[in-house]
Amino acid sequence: MKNYAKKYDRTEFNAELNKQIVEELHSGYIYMAMSAWAEAKGLHNFATFMKVHAEKEEFKHAMKFVKYIQEAGGIVEYGTIEAVPMNWSDVETVLKEAIKHEQHISSRIKLLWDLAHEKGEVYAFEMLTWFLEEQMEEENLFEDLLNQLELTGKKAGYWDHHVHHP
Ligand SMILES: [Fe+2]
Ligand SMILES: [Fe+2]
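These figures come from a predicted structure and were not determined experimentally.

**Considering the overall build of the chain**
Here is step 1: Within the chain, the regular secondary structure consists of six helices and zero strands.
Here is step 2: Counting helices and strands in the order they occur from the N terminus, the chain gives α-α-α-α-α-α.
Here is step 3: With the principal axes as the frame, the chain shows a C-alpha extent of 60 × 25 × 20 Å.
Here is step 4: Here the chain holds 166 residues, and 28% of them are scored as buried.

Dropping the structure here:
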């Protein structure tokens, strides 16, 4: 790995990977806040959904980037995780914000993908392909929840009974 590290200028790619760790932890943080909001509103299944999503998806995504940086001979640097909103007007707004956030993360993964190809960071290709597919799934996951909410006539209490994380 040391020879590989010397061969390329990995500074920019390494910095973007470190930025992505914060993006993933920030995603988890946003979903934890949404979970707390849902819990307070009595939407217990949705609260569990968001908590599980933060724990089982977003924090694991962050760790995947940590592992890659270390295996590729880079330096892990932890940046600041921004504060997140704690209040939303209704569950529809929460879901629309989650979808918008996942679209933002998808664009980040595409940026990493482009940079990996530009820099010849070949070992990252497989991981980033996995993340691209993962992003498609996650965008669909939240879009499905929004569609289901609309099918119940936006009756959040009734909708919540059928919410569970896959
Ligand atoms: Fe993620
Ligand atoms: Fe996500």
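Let us keep going from here.
**Focus on helix α5 (residues 125-151)**
Here is step 1: With 27 residues, α5 ought to run about 39 Å at 1.5 Å a step, and its terminal C-alpha atoms sit 39 Å apart, in line with that.
Here is step 2: Along α5, the residues classified as buried are Met-127, Phe-131, Glu-138, Phe-142, Leu-145 and Leu-149.
Here is step 3: On its buried face, α5 sits against α3 (44-71), α4 (91-119) and α6 (156-160).
Here is step 4: Immediately beyond the C-terminal end of α5, within one or two residues, lies Gly-153, with a positive phi of roughly 70°.

**Notes on unusual backbone geometry**
Here is step 1: With phi around 60°, Lys-154 is a residue other than glycine that occupies positive phi space.
Here is step 2: Among the structural elements, Lys-154 can be located in the loop between α5 and α6.
Here is step 3: The class of Lys-154 is exposed, set by 12 C-beta atoms lying within 10 Å.

**Some details on the nonpolar core**
Here is step 1: In terms of nonpolar packing, the biggest core is built from 19 residues, with Met-34, Ala-38, Phe-46, Met-50, Val-91 and Leu-95 touching the most fellow members.
Here is step 2: For this core, the secondary structure elements donating two or more residues are α2 (11-41), α3, α4 and α5.
Here is step 3: Contact partners of Ala-38, with chain neighbours within four places excluded, come to Leu-43, Phe-46, Ala-47 and Met-50.
Here is step 4: Formed by 13 residues, the second largest nonpolar core is a distinct cluster that contains Ile-21, Leu-25, Phe-65 and Ile-109.

**Things to note about α4**
Here is step 1: Here α4 is 29 residues long and its end C-alpha atoms lie 42 Å apart, about the 42 Å a rise of 1.5 Å per residue gives.
Here is step 2: Every buried residue of α4 is accounted for by Val-91, Val-94, Leu-95, Ala-98, Glu-102, Ile-105, Ile-109 and Leu-112.
Here is step 3: Taken together, the buried residues of α4 touch α2, α3, α5 and α6.
Here is step 4: Downstream of α4 by a residue or two, Gly-120 has a phi angle that is positive, lying close to 70°.

**Things to note about the packing of α2 against α4**
Here is step 1: Between α2 and α4, whose axes approach to 11 Å, the crossing angle comes to 170°. The angle between α2 and α4 falls in the class roughly antiparallel. Handedness of the α2/α4 crossing: left-handed. Residue-level inspection shows Glu-12, Phe-13, Glu-16, Gln-20, Glu-23, Ser-27, Ile-30, Met-34 and Trp-37 of α2 in contact with α4, the latter providing Val-94, Ala-98, His-101, Ile-105, Arg-108, Leu-112, Leu-115, Ala-116 and Lys-119.
Here is step 2: Residues of the contact of α2 with α4, tallied by class, amount to 10 nonpolar, three polar and five charged.

**Comments concerning the packing of α2 against α3**
Here is step 1: Where α2 contacts α3, the two axes come as close as 8 Å, and the packing angle between them is 170°. Compared by their axis directions, α2 and α3 come out roughly antiparallel.
Here is step 2: Each residue belonging to the contact of α2 with α3 can be placed in one class, and the counts come to 17 nonpolar, eight polar and four charged.

Conventions adopted
- Each chain has its residues counted from 1, running along the sequence as written.
- Here the convention is simple: chains get letters from A, ligands get numbers from 1, in the order in which they are written.
- At least 70 in pLDDT is required for a residue's local features to be given in this predicted model, at least 80 for side-chain atom pairs to be given and counted, and no such filter applies to totals for whole chains, interfaces and linings, which use all residues.
- The numbering of helices and of strands both runs from the N terminus, where a helix is a DSSP run of H or I of at least 4 residues and a strand a run of E of at least 2.
- For the exposure call, what matters is how many other C-beta atoms sit within 10 Å of a residue's own: 20 or more marks it buried, 12 or fewer exposed, and in between partly exposed, using C-beta atoms placed from the backbone.
- By this rule, a helix spans an expected 1.5 Å times one less than how many residues it contains.
- Any residue pair is listed as a contact if its two C-beta atoms, each placed from the backbone, are within 7 Å.
- Among buried residues, those of type Ala, Val, Leu, Ile, Met, Phe, Trp, Tyr and Cys that are joined through C-beta atoms within 7 Å form a set called a nonpolar core.
- To get an axis, fit a line to the C-alpha atoms, keeping to the stretch in contact for a helix; angles then go from 0 to 180 degrees between the N-to-C directions.
- What sets the label is the angle itself: under 35 degrees gives roughly parallel, over 145 gives roughly antiparallel, 65 to 115 gives roughly perpendicular, and the rest give oblique.
- We call a crossing left-handed when the near helix sits turned anticlockwise from the far one by less than a right angle, and right-handed when that turn is clockwise.
- Gly is put with the polar residues, along with every residue not named as nonpolar or charged; the nonpolar set is Ala, Val, Leu, Ile, Met, Phe, Trp, Tyr, Cys and Pro, and the charged set is Asp, Glu, Lys and Arg.

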